[in-house]
Amino acid sequence: MASTIPDPRPGTGAPRGDDPPPRTASDRASRVEAHGIDHIPEHERRGRPRQLFSVWAAANVNYLSLVTGGALILMGLTPWQALAVIVVGNLFWLLTGLLSISGPAAGTPSEVITRALYGVRGNRVNNAVVGWLISVCYFALNLAAAATAAFALVDMAGITVNTGVKVVVVIVVAALTLTIGVYGHAMIMKLYLPITLALTAAFAVVAVGVLRHADFSYVPAEPLTGHELWAVLVAGVTLIGAGPLSYTTSADFSRYLPRTTSARAIVGWTALGGFLPGVVVCFLGALAATAVDMTDPQAGLRQILPGWFGPVLLLALVLGTVAINALTAYSAGLALQAVGLRIRRSRSVLADGTAAVALTLYGLLVSDFLDTVSNVLQLTVVLLGPAMAVYATDIVLRRGRYDGRALMDETREGPFWYTAGVNPAGALALAGGVVAAALSVDTLYAGPVARALGGIDLSLPAGMVVASALYAVLARGVRAGAATPPA
């Protein structure tokens, strides 16, 4: 039987030794990154996997994690039940780390590597939906959150927050975010360590205030038991897990590492960067909810924090959201290129930002559009879980080996053209996983499986297991050795 996944050709050899290659113009933070979705040659690779820790930590020491942790208590859990949910949900960062190893292996971003999964044409559809549309929606929601905090800062300064001021604030916050995204990879690597340290210092003050007032023995007025408890526990894991599962683009930030970089180190530093702050900050949010009303987190936190810290907290909220959105904008720009548009990466990032700003302003000033987008994004786990599972399974089948130069071949004669430009294994596995998840979901609507189980939402495990199993079966013609190019 012919192999469903083509045998990748050997990539370029990597230099041996401990000395990093000399710096080139492409990896200077002061210059706009020249590379987009093209292959990064080995002589331009540099860096160490530990740098990935601060990239993911900066994106996770944030206000959203506090709110999510508080939501678990509002759902009816005790602090220790919430902690268990937080730990399990954040374990999905291991999958984000696993996906990261494909970056150095291929020297290309995730948006190109997934041609191996879906074919050249199929991957364009994948990038249009998973890579671009969902990213722009997340960008708009996060921008709205940052703008709300910035509005409060402006109000503290004695400036009336009218429509004109709101427009200016949104544009300024977006401009800061897009500047990082436009300058690109080297700027991200340079800025995210100090951003991580600044956010950690701010949240250390939050931690002191929360720990002084937290009720570790808190029990809800009506404790959950039995079937109802399991339904909330599973929903909580899905809520927490949705964060790491949204980063199917983690190879975008690891692809400049030398091809010989330790895969274990890449997985470890990426996963640790997401897991540690995810657990700590989410748990702080849960503990805060035992002392104050977290239905209005900013007002609630002000009750247990020093008065002078209010503006600092708001600045930290804005900075944390900028850090998240810069990663989102960077990957969305690559996705727009991978869809097939012949546009420079810097300009594609600006195009994404323009769309997100328009959505944000429309949502804040005209309608409840952002509420609609937020509701729709609750369903993204139906798509993102299976997409993550197919990608991870492909990495396992190939033993983490990809040929970046072959992935750049979009011709009909190329190894990733498959059938009419679509890889049936990837397309069918993703579709099967999405169907399984949709039948099991219980959020904006209840699927038949969820209804049969009395409201227990198994969309996350169902979608991921089905997608992974289907892909492994449909790609069963791949021999273990064929998935790995010669060393």
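In this text the structure is predicted, and so the values were computed from the model without any measurement.

**Notes on the overall build of the protein**
At step 1: Helices and strands together make up the secondary structure of the protein, namely 21 helices and 0 strands.
At step 2: The buried share of the protein, taken over its 487 residues, is 56%.
At step 3: Expressed as a percentage of contacts within the protein between residues at least 6 apart in sequence, the contacts between residues at least 24 apart total 85%.
At step 4: Of the accessible surface of the protein, which amounts to about 19,600 Å², a share of 65% is contributed by carbon and sulfur atoms.

**A few points about helix α8 (residues 120-156)**
At step 1: Compared with the 54 Å implied by 1.5 Å per residue over 37 residues, the 52 Å span of α8 between its first and last C-alpha is a close match.
At step 2: Within α8, the axis deviates most sharply at N127, by approximately 35°.
At step 3: Positive phi appears at G158, one or two residues downstream of α8, with a value of about 85°.

**Section: the packing of aromatic side chains**
At step 1: Evaluation of the coordinates by the stated rule reveals 10 aromatic pairs.
At step 2: Their ring planes at 35° and their centres at 5.5 Å tell us that F253 and Y330 sit as a pair that is tilted. Taken together, the residues F253 in the loop between α11 (226-245) and α12 (263-288) and Y330 in helix α14 (residues 309-338) connect sequence positions 77 residues apart.
At step 3: Ring pairs connect the aromatic residues W56, W93, Y247, F253 and Y330, which therefore count as one cluster.

**Quick look at the packing of α8 against helix α15 (residues 345-365)**
For any two helices packed against each other, one specifies the crossing angle of their axes together with the interaxial distance.
At step 1: For the pair α8 and α15, interaxial distance at closest approach is 8 Å and the crossing angle is 55°. Between α8 and α15, the crossing angle belongs to the class labelled oblique. The two elements α8 and α15 meet at a crossing, and its hand is right-handed. Every residue of α15 that contacts α8 at W132, V136, F139, A140, L143, A144, A147 and F151 is listed here: D352, A355, A356, V357, L359, T360 and L364.
At step 2: For the contact of α8 with α15, the class distribution of residues is 13 nonpolar, 1 polar and 1 charged.

**Comments concerning helix α4 (residues 93-100)**
Because the α-helix completes a turn every 3.6 residues, residues three or four places apart line up on one side.
At step 1: Within the span of α4, buried status applies to W93, T96, G97, L99 and S100. Looking straight down α4, one finds that the buried residues subtend no more than 160° of arc, so they occupy a single side.
At step 2: Of the surrounding elements, those touching the buried residues of α4 are α1 (51-58), α3 (79-90), α5 (102-106), α11, α12 and α17 (380-397).

**Digging into a nonpolar patch on the surface**
At step 1: Among the surface-exposed residues, V435, L439, V449, L453 and L458 lie close enough to one another that they form a single nonpolar patch of about 350 Å² accessible area.
At step 2: Along the chain, the position of V449 falls in helix α20 (residues 448-452).
At step 3: For V449, a relative accessible area of 33% corresponds to the partly exposed category.

**Examining the side chain of N126**
At step 1: Mapping N126 onto the fold places it in helix α8.
At step 2: According to the relative accessible area criterion, N126 is buried, its value standing at 11%.
At step 3: With residues up to four places along the chain from it excluded, the contact list for N126 reads T114, Y118 and G131.

**Thoughts on the pattern of salt bridges**
At step 1: Scanning the model with the defined rule gives 6 salt bridges in all.
At step 2: The partner of E33 in a salt bridge is R345, with the nearest N and O atoms 3.8 Å apart. Taken together, the residues E33 in the segment before α1 and R345 in helix α15 connect sequence positions 312 residues apart.
At step 3: R345 sits in the buried class, given a relative accessible area of 3%.
At step 4: Put simply, D394 and R398 hold a salt bridge, and the shortest N to O gap is 2.8 Å.
At step 5: Residue D394 is classed as buried on the basis of its relative accessible area of 0%.

**Considerations on the packing of α17 against helix α21 (residues 459-474)**
At step 1: The interhelical angle for the contact between α17 and α21, taken along N-to-C directions, is 35°, at an axis separation of 8 Å. Crossing angle aside, the handedness with which α17 passes α21 is right-handed. Facing α17, whose interface residues are V381, G385, P386, M388, A389, V390, T393, D394 and L397, α21 presents S459, L460, G463, M464, A467, S468, Y471 and A472.
At step 2: Split into classes, the residues belonging to the contact of α17 with α21 amount to 11 nonpolar, 5 polar and 1 charged.

**A short note on the confidence of the model for the protein**
At step 1: On average, residues of the protein score 87 in pLDDT, and 90% of them reach the 70 mark or higher.
At step 2: Of the regions scoring below 50 in pLDDT, residues 1-26 engages in 62 contacts with residues more than four places distant in sequence or in other chains.
At step 3: Scored below 50 in pLDDT, residues 478-487 makes 22 contacts in the model with residues more than four places away or belonging to other chains.

**Looking at unusual backbone geometry**
At step 1: Of note in the backbone geometry, R399 takes a positive phi value of approximately 55° without being a glycine.
At step 2: Locating R399 in the fold gives a position in the loop between α17 and α18 (404-407).
At step 3: Positive phi, normally seen in glycine, also occurs at A420, with a value near 55°.
At step 4: With respect to the helices and strands, A420 occurs in the loop between α18 and α19 (424-440).

**Some points on the side chain of N127**
At step 1: Relative to the helices and strands, N127 resides in helix α8.
At step 2: Here N127 falls in the buried class, since its relative accessible area comes to 3%.
At step 3: In contact with N127, not counting residues within four places along its chain, are E111, T114, W132, A335, A338 and V339.

**Considering the environment of G76**
At step 1: Assignment of secondary structure puts G76 in the loop between α2 (63-74) and α3.
At step 2: The class for G76 is buried, based on a relative accessible area of 12%.

Reading the values: the criteria
Residues numbered from 1 in each chain as written. Predicted model: local features only at pLDDT ≥ 70, side-chain atom pairs only at ≥ 80, totals over all residues. Heavy atoms only, no water. Helix = DSSP H or I, 4+ residues; strand = E, 2+ residues; numbered from the N terminus. Buried < 20%, exposed > 50% of the residue type's maximum accessible area, 1.4 Å probe, protein only. Contact = heavy atoms within 4.5 Å. Areas by Shrake-Rupley, 256 points an atom, 1.4 Å probe, with all protein chains shown as cover. Expected span 1.5 Å × (residues − 1). Bend = angle between axes of the 7 residues up to and from the residue. Phe/Tyr/Trp six-rings, centres within 6.5 Å; stacked < 30°, edge-to-face > 60°. Axes fitted to C-alpha atoms, helices over the stretch in contact; angles between N-to-C directions. Parallel < 35°, antiparallel > 145°, perpendicular 65-115°, else oblique. Left-handed = near helix turned anticlockwise from the far one by under 90°. Nonpolar A, V, L, I, M, F, W, Y, C, P; charged D, E, K, R; others polar. Arc of directions from axis to C-beta. Patch = residues over 30% accessible without salt bridge, like charges linked within 9 Å, V, L, I, M, F, W, Y side chains within 5 Å. Salt bridge = Lys/Arg side-chain N within 4 Å of Asp/Glu carboxyl O. pLDDT = per-residue confidence, 0-100.

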